[in-house]
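# Residue-level structural notes
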Amino acid sequence: MEYKKNDILTVTIEDMGSDGEGIGKVDGYTLFIKDAVIGDVVICKIMKAKKNYAYAKLEKVTEPSVSRVTPVCRYHKQCGGCQLQAMSYEAQLEYKQNKVRNNLIRIGGFDKELVDRIMEPIVGMENPYHYRNKAQFPVGTDKDGNLITGFYAGRTHDIIANTDCALGVKENRQILEAVLRYMKESSVTAYDEKTGKGIVRHILIRKGFASEEIMVCLIINTLKPLPVKGRLIELLRETPGMTSVSISINTERTNVIMGKEVRTIWGKDTITDTIHVRNTSDFSLTDKAISFHISPLSFYQVNPLQTEKLYSLALEYAGLTGRETVWDLYCGIGTISLFLAGSAKRVCGVEIVPQAIEDARKNAEFNGITNVEFFAGKAEEVLPEKYEQEGIRADVIVVDPPRKGCDEACLNTMLKMQPQRIVYVSCDSATLARDLKVLCDGSYEIVRGRAVDQFGGTVHTEVVVLLQRNG
Ligand code: SAH
């Protein structure tokens, strides 16, 4: 049977794809339906029909899945941030565990038996809402010309006005409203992507969960100073915990959010946060902790409680005795490096963002850690260079790359360096699987792995994997 656009079908959702879309079949014809949950029976309308499959719109849920829940946020369907809010958190965790498993099998080419043996159960959050310590809100105007801020709708740059995101901290709302109020009072315009005109592009908010310090950075499209800056600062200081207010100038017409530099206009340049080492048996806190200075430009994990669990697992997987030389690639502000330093002889971190490396060095000093060294540059350039020219070696290499995974030159150098163990921390299990294949086609084997959910409501998860050298 051939189906075409606008056909209405009833279908049972049997699976979910990597973007969280529901998948069902009618007479062998596959339907991909956004917002449908595994276990639902739904009525859908075909939007785009191909020979063997179609993308369809959810019209009505006729029999809700046992995993279906009432979403906390009323914008969850339009907003590009959350894909799984209509699913119970338990079902979300199951989905993520399966997603990692499937990627390791399909992309990595690993045996099902091996994957099931080495993957431990996913580590979930205690509270899957209000966990994000950072958000970047675009600023714009609605069709009536009112100033708005919120999040981009899925796949577009239309702004959904929402100052109360369910994943963010409760202070976001007051801060965003303060900025909008300042803009209205002082006739400061919102940036318009289409024309390249207007002033305020984004509002970055970050909170140190341990310190309760808050940082706000306005990303603006002008070299001129902001008018009546004092009023902006006055309004922002009404939020308890306000510690740093800054401006970043970005006049480029690109999707990059931050400008290259940041200027503090009130308070400190950075906020602090503390990450504890946890016992990996029950994830209870130990008294070992590292504190960090975080600037607006540096990468810092968005879910600090789950980060503690993830890094504690990475630390355990690294199996350090105090005698090892460790390389921490993609080290950001040195979070993992400093976490490992207490148990290693020496840790070397590599990171592409120079400001993050400056922060990493300051953070080492701040914590009185002296057995670490940081290098600014691309991991795929710094590591081969140091290996070829200086013959550096490593007992353990930790990598924590962005979603695109490790560059091949980096993986090849790791294979040449032959560390005893490699700990791979990943935020995208598809590229993780691809890279693990390269390492396991070399002389490594996977020993253990575990997903740690850092991103409730979304399809994303972190994963940590331990590889050991054969022989
Ligand atoms: N380990 C850190 C950061 C992980 S995020 C932490 O947990 O906080 C990934 C980091 O890789 C980011 O800081 C990003 O700036 C950096 N990065 C991206 N591409 C890189 C490359 N080619 N070489 C080195 N670092 C890179």
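This one's a predicted model, so the numbers in the text were calculated from it and none came from an experiment. (Residues numbered from 1 in each chain as written. Predicted model: local features only at pLDDT ≥ 70, side-chain atom pairs only at ≥ 80, totals over all residues. Heavy atoms only, no water.)

## Section: the UniProt feature "domain: TRAM" (unreviewed entry) in the protein
Quick reminder of the rule: UniProt positions are given in the numbering used here, feature names are shortened, and annotations may be inferred rather than shown by experiment. For helices the rule is a DSSP run of H or I covering at least 4 residues; for strands it is a run of E covering at least 2, with both sets numbered from the N terminus onward.
As recorded in UniProt, the feature "domain: TRAM" (unreviewed entry) lies at residues 2-60. Taken end to end, residues 2-60 comprises 0% helix and 61% strand; its first and last C-alpha atoms sit 22 Å apart.

## Things to note about the environment of Gln355
Under the convention used in this document: Any two residues having at least one pair of non-hydrogen atoms within 4.5 Å are treated as being in contact. Any N or O atom pair separated by 3.5 Å or less is treated as a polar contact, with the protein-specific requirement of one donor-capable and one acceptor-capable atom, and with residues adjacent in sequence counted only for side-chain atom pairs.
Note on placement: Gln355 falls in helix α7 (residues 354-366). Along the chain, Gln355 and Pro296 lie 59 residues apart, while their C-alpha atoms are 9.9 Å from each other. When neighbours within four sequence positions are excluded, Gln355 is seen to be in contact with Lys260 and Leu297. A distance of 3.3 Å separates a polar side-chain atom of Gln355 from the backbone oxygen of Lys260.

## A closer look at the packing of helix α3 (residues 171-185) against helix α4 (residues 229-236)
Selection rule: Axis definition: a line fitted to C-alpha atoms, over the contacting stretch in the case of helices. Angles run 0 to 180 degrees between N-to-C directions. Roughly parallel covers angles under 35 degrees, roughly antiparallel covers those over 145, roughly perpendicular covers 65 to 115, and oblique covers all other angles. In this scheme the crossing of two helices becomes right-handed for a clockwise turn of the near helix relative to the far one and left-handed for an anticlockwise turn of less than a right angle. Put simply, Ala, Val, Leu, Ile, Met, Phe, Trp, Tyr, Cys and Pro go in the nonpolar bin, Asp, Glu, Lys and Arg in the charged bin, and everything else, Gly too, in the polar bin.
Here α3 crosses α4 at 155°, and the two axes come no closer than 9 Å. Looking at the two axes, α3 sits roughly antiparallel to α4. With respect to the hand of their crossing, α3 and α4 are arranged in right-handed fashion. Across from Ile175, Ala178, Val179, Arg181, Tyr182 and Glu185 in α3, the residues of α4 making contact are Arg231, Leu232, Leu235 and Leu236. For the contact of α3 with α4, the residue count by class is 7 nonpolar, no polar and 3 charged.

## What about the side chain of Glu351?
Here is the rule: Between buried and exposed lies partly exposed: a residue is buried under 20% and exposed over 50% of the maximum accessible area for its type, with that area taken using a 1.4 Å probe on protein chains only. Positive charges come from Lys and Arg alone, negative charges from Asp and Glu alone, with His and the N- and C-terminal ends not counted. Salt bridges, as used here, are contacts in which a Lys or Arg side-chain nitrogen is within 4 Å of a carboxyl oxygen on Asp or Glu.
Tracing the chain through its elements places Glu351 in strand β17 (residues 346-351). Among buried charged residues, Glu351 stands out as having no salt bridge; its nearest opposite-charge side chain is Lys404, 10 Å away. At a separation of 2.8 Å, a polar atom in the side chain of Glu351 contacts the main-chain amide nitrogen of Gly332. Look past the residues within four positions of Glu351 in its chain and what remains in contact with it is Tyr330, Cys331, Gly332, Ala356, Ile357, Phe375, Ala376 and Gly377.

## Some words on the UniProt feature "active site" (unreviewed entry) in the protein
The feature "active site" (unreviewed entry), as given by UniProt, occupies Cys427 in the numbering adopted here. Among the secondary structure elements, Cys427 is positioned in the loop between β20 (421-426) and α10 (429-441). Other than its neighbours up to four places away in sequence, Cys427 contacts Pro401, Pro402, Arg403, Thr461 and Glu462.

## Details of the domain arrangement of the protein
Accessible area lost upon the coming together of the parts serves often as the stated size of an interface. Here is the rule we go by: Domain start and stop points were drawn from an automatic or database domain assignment.
For the protein, the assigned domains are domain 1 (8-63), domain 2 (134-269) and domain 3 (274-469). Inter-centroid distance (C-alpha atoms) of domain 1 to domain 3 is 39 Å.

## Comments concerning the packing of helix α8 (residues 379-390) against helix α9 (residues 408-417)
One can describe the packing of α8 onto α9 by two numbers: an axis separation of 8 Å at closest approach and a directional angle of 30°. Compared by their axis directions, α8 and α9 come out roughly parallel. Regarding α8 and α9, the two cross each other, and that crossing is left-handed. Contacts between α8 and α9 pair Ala379, Glu380, Leu383, Pro384, Tyr387 and Glu388 from the former with Ala409, Cys410, Thr413, Met414, Lys416 and Met417 from the latter. Taken together, the residues that form the contact of α8 with α9 break down as 8 nonpolar, 1 polar and 3 charged.

## Things to note about the pairing of strand β22 (residues 462-469)
Under the convention used in this document: Paired strands, in this sense, are two strands between which DSSP finds at least two bridges.
For β22, a buried count of 6 out of 8 residues is recorded, marking the element as mostly surrounded by other parts of the structure. By the bridge criterion, 6 bridges tie β20 to β22 in an arrangement that is antiparallel. Among the inter-strand pairings, Val425 is bridged to a residue of β22, identified as Val464. In this structure, strand β21 (residues 444-452) lies alongside β22, joined through 8 bridges in antiparallel fashion. Each residue of the ladder has a partner; that of Glu445, found in β22, is Gln468.

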